[in-house]
Amino acid sequence: MTDTHTGDAAGSTVNRPNTRRPMGVEMWSFIALAVFFLPVSVIYGLWSDWEPVGTTALALLMGMWGMVGFFLVLQGRKIDARPEDNPSATIEDNPAGDYGHFAPYSWWPFVLGIAVSLVFLGLAAGWWVFGLGVAVAVVGLIGHVFEFSRGPHAH
């Protein structure tokens, strides 16, 4: 793309159009991590005499980061550029509108976070902790789903 020059000859300013690819920052972040894990997995494999668990885990990490990066490359070709992709964009370029509906002052996501922590702790510490985490998760999930069915936010 070419630059568009505006202003007089003495103090001309350059107004650059959108030159970045859509989702470029996200795409290059994932691809860079995939490229990073390639030599790390090879170095780890050589250093550990090709220990199977760690070498496989690092190679899988490289594959997972690469798959997401490749997906973002394909998606970047299909979609139009966002205002975030334009380095000279202003806040007004982003269309206004709803970004979603969020529960005000909700404690249920905190309860669900504790439940997930208990479930993962239970996998390491004991099955009774796992069962306690599942019970807390059921209560938290029911509370989160039916939050707008009772109390001050009922509809």
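Residues numbered from 1 in each chain as written. Predicted model: local features only at pLDDT ≥ 70, side-chain atom pairs only at ≥ 80, totals over all residues. Heavy atoms only, no water.

**What about the side chain of T55?**
Our working rule: Under the DSSP-based scheme used, a helix requires at least four consecutive residues in state H or I and a strand at least two consecutive residues in state E, with every element numbered from the N terminus. For the exposure calls, accessible area comes from a 1.4 Å probe over protein chains only, and a residue counts as buried if that area is under 20% of its type's maximum, exposed if over 50%, partly exposed in between. We call two residues contacting when some pair of their heavy atoms lies within 4.5 Å.
Inspection of the secondary structure assignment puts T55 in helix α2 (residues 52–78). For T55, a relative accessible area of 13% gives the class buried. With residues up to four places along the chain from it excluded, the contact list for T55 reads S41, Y44, G45, S48 and W50.

**Focus: helix α1 (residues 24–47)**
Keep this limit in mind: Take the number of residues in a helix, subtract one, and multiply by 1.5 Å to get its expected span.
For α1, spanning 24 residues, the distance from its first C-alpha to its last is 35 Å, which sits close to the expected 34 Å at 1.5 Å a residue. Three or more residues of α1 are buried, namely G24, M27, A34, F37, S41 and G45. Buried residues in α1 make contact with α2. After α1 finishes, the residue D49 shows a positive phi value of roughly 60°.

**Concerning the packing of α1 against α2**
Axis angle and axis distance: for two packed helices, these are the angle between their axes and the distance between the axes, and together they describe the pair. Keep this limit in mind: Only C-alpha atoms enter the line fits that serve as axes; for helices the fit covers just the stretch in contact. Angles between N-to-C directions range over 0 to 180 degrees. When describing relative orientation, an angle under 35 degrees is termed roughly parallel and one over 145 degrees roughly antiparallel, while 65 to 115 degrees is termed roughly perpendicular and anything else oblique. Whether a crossing is left-handed or right-handed is set by the direction in which the near helix is turned from the far one by less than a right angle, anticlockwise for left-handed and clockwise for right-handed. Each residue is assigned to one class: nonpolar for Ala, Val, Leu, Ile, Met, Phe, Trp, Tyr, Cys and Pro, charged for Asp, Glu, Lys and Arg, and polar for all the others, Gly among them.
α2 packs onto α1 with a crossing angle of 160° between their chain directions and a minimal axis gap of 8 Å. Considering the angle they form, α1 stands roughly antiparallel to α2. Crossing angle aside, the handedness with which α1 passes α2 is left-handed. Taken together, the residues of α2 that come into contact with α1 (itself represented by E26, M27, F30, I31, L33, A34, F37, L38, V40, S41, Y44 and G45) are G54, T55, L58, A59, L61, M62, W65, G66, V68, G69, L72 and V73. Tallied by class, the residues present in the contact of α1 with α2 amount to 17 nonpolar, six polar and one charged.

**Examining the packing of aromatic side chains**
Stated formally: Each Phe, Tyr or Trp ring (for Trp, its six-membered ring) is paired with any other whose centre lies within 6.5 Å, and the angle between the two planes then decides the class: stacked below 30 degrees, edge-to-face above 60, tilted in between.
Tallied over the full model, the rule gives four aromatic pairs. A centroid spacing of 5.2 Å and a plane angle of 70° characterise the contact between F36 and F37, whose relative ring orientation is edge-to-face. Given a relative accessible area of 46%, F36 falls into the partly exposed group. What makes F37 buried here is its relative accessible area of 13%. Taken together, a centroid distance of 6.0 Å and an interplanar angle of 80° make the contact between W107 and F110 edge-to-face. You'll find W107 and F110 in the same group, each marked exposed.

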